[in-house]
Amino acid sequence: MNISEDIVYVGVSDRKIDLFEGQYTVPNGMCYNSYLILDEKVAVMDTVDRNFTHEWLDNLENALGGRKPDYLVVQHMEPDHSANIVNFMRNYPEAAIVSSAKAFGMMANFFGTDFAGRSITVAEGSTLPLGRHTLHFVAAPMVHWPEVMVTYDDADKVLFSADGFGKFGAMDAREEWADEARRYYIGIVGKYGAQVQALLKKAATLDIAVICPLHGPVLTENLSYYLNLYNVWSSYAVEEDGIAIAYTSVYGNTKKAIEALVEKLKAKGSPKVVVYDLARCDMAAAVADAFRYAKLVLATTTYNADIFPYMRTFIHKLTERSYKNRTVALIENGSWAPQAARTMHALLEEAKGLTFTETSVKIMSALNEDSSAQLEAMADELCRDYMARKNETANKNDLTALFKIGYGLYVVTSNDGKKDNGLIVNTVTQVTNAPNRVAVTINKQNYSHHIIQQTGVMNINCLSVEAPFAVFEAFGFCSGRNVDKFANCSPLRSDNGLVFLPRYINSFMSLKVEQYVDLDTHGMFICSVTEARVISDKETMTYTYYQENVKPKPETDGKKGYFCKVCGYVYEGDELPEDFVCPLCKHGAADFELIS
């Protein structure tokens, strides 16, 4: 398979493997990817698993067409990629290994040699010229081992991404990429979200046309889709609205309660409900869906004065992977002294940002009138925001939405007649209550100001403390004149036809402009409220909370240069060019500060 005119795929597929890393079921096998770059100098990118030595060497020999490789680039030392380093070096004794210092240390551990005299050590910022192609090395520690590098080819704009953007499944597997990539990412890399975020920031500065991972297919189209999913997963944000349910049941009574709850959740508007019997399911899939959806229901029995073992294992897998920022509901069953809810709550204490429902369900052996009523109340609580979003079930005149206004942060949505738009503001104020009037102040340079002057309508989305930095990137770092900010989602609409955000808000109000006040650089729109919905009881995101808890802190330790005060991007160098534009948030040099 040709990746480009000079880059050839020489990897292998494994259809015999049953468990990857000894624990993950892989019904469609695995692939171990390796690539060959043919230029004035010839480079091989990684080797493959030990069970495919001869197949890989045959692939390599056929693709080389009689040439000899100059370099073996080792990005990752996990044995499914490094097992054939020694075999390669025996077959090509004139080649040199290119890798990180940590990787050479691991080679000594694995093979008894670090190939001294035949090694080239590279680090962040190192380059390797091959001719037309130059390889640029980017450190990616703990994605997901400490020695990992990724490599960028500037000629064909290819990112060799090591385990990043990989998935379960052989190369010819016909399956949804996201499902197996999510299960792979959450299971294997999920603990290291901060490190993946750091790598994504580096990747944002590169012009990438192709992603070549060490597992799964080569990615050549719609790369923003894959990059966005990795941003969501690594920031522990909610990927989809919905409710995941994980349960254990000894004699079937807890299962019956879950079946009753599922029907109630569906009837009350939950967009998706997925259910896992932890004793029988693929637990890796259950863990992945716990991260995928906004809400999680855990139901289990009291067992040996503890909880059922599968549930304890499941919760450990969540906390081990830094489970956070979700709503959790607890259901316990016990015949004489149920204490499973208390135990589950204690096990989840190390998880950050969890919100537990006010309602929990206590089943004494089997459902009765009391526990059935608790199930109903739990379903109401879990589905409150879903009901508020749907036009058919929403209370559209809930003026307690006005109580959500504070010195907070908001997304103002509008529409220019061709596409939806949105921007971040922090200047929303209720000015009168008889009649209700709200003032919104917007910088005249913002495209939204122009739209709202033309249309006279807007929606104010009150952000909650759940909102991740990705929301501020989407609505604060680019102009709606040039970018479709809602291109990758299916928006919800209020009665005025404008978008309101599907998540990360506690309320929204539809406003009609009644008066405009010119404030020189800004314009103040004084508006009446035509619709108001309360979505949740989550606390409003204040500017202070954003600065202290959401906005990334610049990683400046040991670095010399400047950092962006808006997004935290670090420019390393003695002088910041006057015309420099931040590659992440697009702000200019005036928004950079010298690292002290």
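Above this text is the structure in question.
Student: In this structure, what is going on with unusual backbone geometry? I would like to understand it.
Tutor: Excluding glycine, residues mostly have negative phi values, and the peptide bonds linking residues are mostly trans. Following Val143, the chain continues to His144 via a peptide bond in cis, the omega torsion being 5 degrees. Positionally, His144 belongs in the loop between β12 (134–139) and β13 (149–153). For the peptide bond that leads from Ala434 to Pro435, omega is 5 degrees, which places it in the cis range. The residue Ala162 is not glycine, and still its phi comes out positive at about 55 degrees. Along the polypeptide, Ala162 turns up in the loop between β14 (158–160) and α5 (177–189). Despite not being glycine, Asn222 shows a phi value in the positive range, around 50 degrees.

Student: Please explain the packing of helix α8 (residues 253–267) against helix α12 (residues 369–389) as it appears in this structure.
Tutor: Axes are the key here: two packed helices are described by the angle between their axes and the distance separating the axes. Running from amino to carboxyl end, α8 crosses α12 at an angle of 40 degrees, the nearest separation of the two axes being 9 Å. Judged by the inter-axis angle, α8 sits oblique to α12. Seen along the crossing, α8 lies across α12 with a hand that is right-handed. Contact residues: α8 offers Ala257, Ala260, Leu261, Lys264 and Leu265, while α12 offers Ser372, Leu375, Glu376, Met378, Ala379, Leu382 and Cys383. Residues belonging to the contact of α8 with α12 are distributed by class as follows: 9 nonpolar, 1 polar and 2 charged.

Student: It is not clear to me how a nonpolar patch on the surface should be interpreted in this structure. Could you clarify?
Tutor: Together, Val250, Tyr251 and Tyr303 line one region of the surface with nonpolar side chains, adding up to about 360 Å² of accessible area. Within the element layout of this structure, Val250 appears in the loop between β16 (240–247) and α8.

Student: I'm lost on the side chain of Ser34 in this one. Help?
Tutor: Looking at the element boundaries, Ser34 is found in the loop between β5 (30–32) and β6 (35–38). A polar side-chain atom of Ser34 sits 3.0 Å from a polar atom in the side chain of Trp56. Sequence-distant contacts of Ser34, that is, excluding residues within four places in its chain, are made with Val8, Tyr9, Val10, Gly11, Val44, Met45, Asp46, Thr47, Val48 and Trp56.

Student: What is the right way to read the sheet that holds strand β25 (residues 428–433) from this model?
Tutor: As a general point, the strands of a sheet are linked pairwise by backbone hydrogen bonds and lie either parallel or antiparallel. The strand order across the open sheet formed by 7 strands is β24-β23-β27-β30-β31-β26-β25, and the pairing between neighbours is antiparallel. Only two strands of the sheet have a single partner each, and these edge strands are β24 (420–425) and β25. Along the sheet, successive strands turn relative to each other by an average axial angle of 35 degrees, direction set aside. Sitting on the sheet, helix α13 (residues 447–455) is in contact with β23 (410–415), β24, β26 (436–443), β27 (457–463), β30 (505–519) and β31 (522–534), with an inclination near 55 degrees to β23.

Student: Help me understand the packing of aromatic side chains, please; the structure alone is not making it clear to me.
Tutor: The way to describe two aromatic rings as a pair is by their centre distance and the angle between their planes. Per the stated rule, a full pass over the model turns up 29 aromatic pairs. Three or more aromatic residues link up through ring pairs in this structure, and these residues are Phe165, Trp177, Tyr185, Tyr225, Tyr226, Tyr230 and Trp233. Just above the ring of Tyr386 sits the side chain of Lys295; from NZ or CZ to the centre is 4.0 Å. If you follow Lys324 out to its NZ or CZ, it ends over the ring of Tyr236, 4.6 Å from the centre.

Student: Please clarify how the pairing of β30 should be interpreted in this entry.
Tutor: On any regular strand, side chains alternate: one points to one face of the sheet, the next to the other face. Of the pairings in the sheet, the one linking β27 to β30 comprises 7 bridges and is antiparallel in character. Its bridge partner being in β30, Met458 is matched across the sheet by Leu511. Both β30 and β31 contribute to a ladder of 12 bridges, which runs antiparallel. The residue bridging Val513 from the neighbouring strand is Cys527, located in β31. Between β30 and the antiparallel strand that follows it, β31, lie 2 residues; Asp520 among them carries a positive phi value of about 70 degrees.

Student: Is there a simple way to think about the side chain of Ser510 in this case?
Tutor: Of note, Ser510 is situated in strand β30. Side chain to side chain, Ser510 and Ser494 meet in a polar contact 3.3 Å long. When neighbours within four sequence positions are excluded, Ser510 is seen to be in contact with Met458, Asn459, Ser494, Asn496, Ser528, Val529, Thr530 and Glu531.

Student: How do you make sense of the sheet that holds β14 when you look at a structure like this?
Tutor: The strand order across the open sheet built from 5 strands is β11-β12-β13-β14-β15, with neighbouring strands paired in mixed fashion. The open sheet terminates on both sides in strands that have one partner only, identified here as β11 (127–129) and β15 (210–212). This sheet shows a mean twist of 20 degrees between the axes of neighbouring strands, independent of strand direction. Bridge count for β13 against β14 is 3 bridges, and the pairing is antiparallel. Looking across to β14, one finds that Asp153 is bridged to Val158.

Student: What's the story with the environment of Val262 in this structure? I'm lost.
Tutor: For Val262, the location among the structural elements is in helix α8. Overall, the relative accessible area of 9% leaves Val262 in the buried class. The spacing of Val262 and Thr205 is 57 residues in sequence and 45 Å in space, taken between C-alpha atoms. Non-local contacts of Val262, meaning those with residues more than four positions away in its chain, are made with Ile245, Val273 and Val275.

Rules used throughout
Residues numbered from 1 in each chain as written. Predicted model: local features only at pLDDT ≥ 70, side-chain atom pairs only at ≥ 80, totals over all residues. Heavy atoms only, no water. Helix = DSSP H or I, 4+ residues; strand = E, 2+ residues; numbered from the N terminus. Axes fitted to C-alpha atoms, helices over the stretch in contact; angles between N-to-C directions. Parallel < 35°, antiparallel > 145°, perpendicular 65-115°, else oblique. Left-handed = near helix turned anticlockwise from the far one by under 90°. Contact = heavy atoms within 4.5 Å. Nonpolar A, V, L, I, M, F, W, Y, C, P; charged D, E, K, R; others polar. Patch = residues over 30% accessible without salt bridge, like charges linked within 9 Å, V, L, I, M, F, W, Y side chains within 5 Å. Areas by Shrake-Rupley, 256 points an atom, 1.4 Å probe, with all protein chains shown as cover. Salt bridge = Lys/Arg side-chain N within 4 Å of Asp/Glu carboxyl O. Polar contact = N/O pair within 3.5 Å; in protein donor to acceptor, adjacent residues only side chain to side chain. Pairing = 2+ DSSP bridges. Phe/Tyr/Trp six-rings, centres within 6.5 Å; stacked < 30°, edge-to-face > 60°. Lys NZ or Arg CZ within 6 Å of the ring centre and 35° of its normal. Buried < 20%, exposed > 50% of the residue type's maximum accessible area, 1.4 Å probe, protein only.

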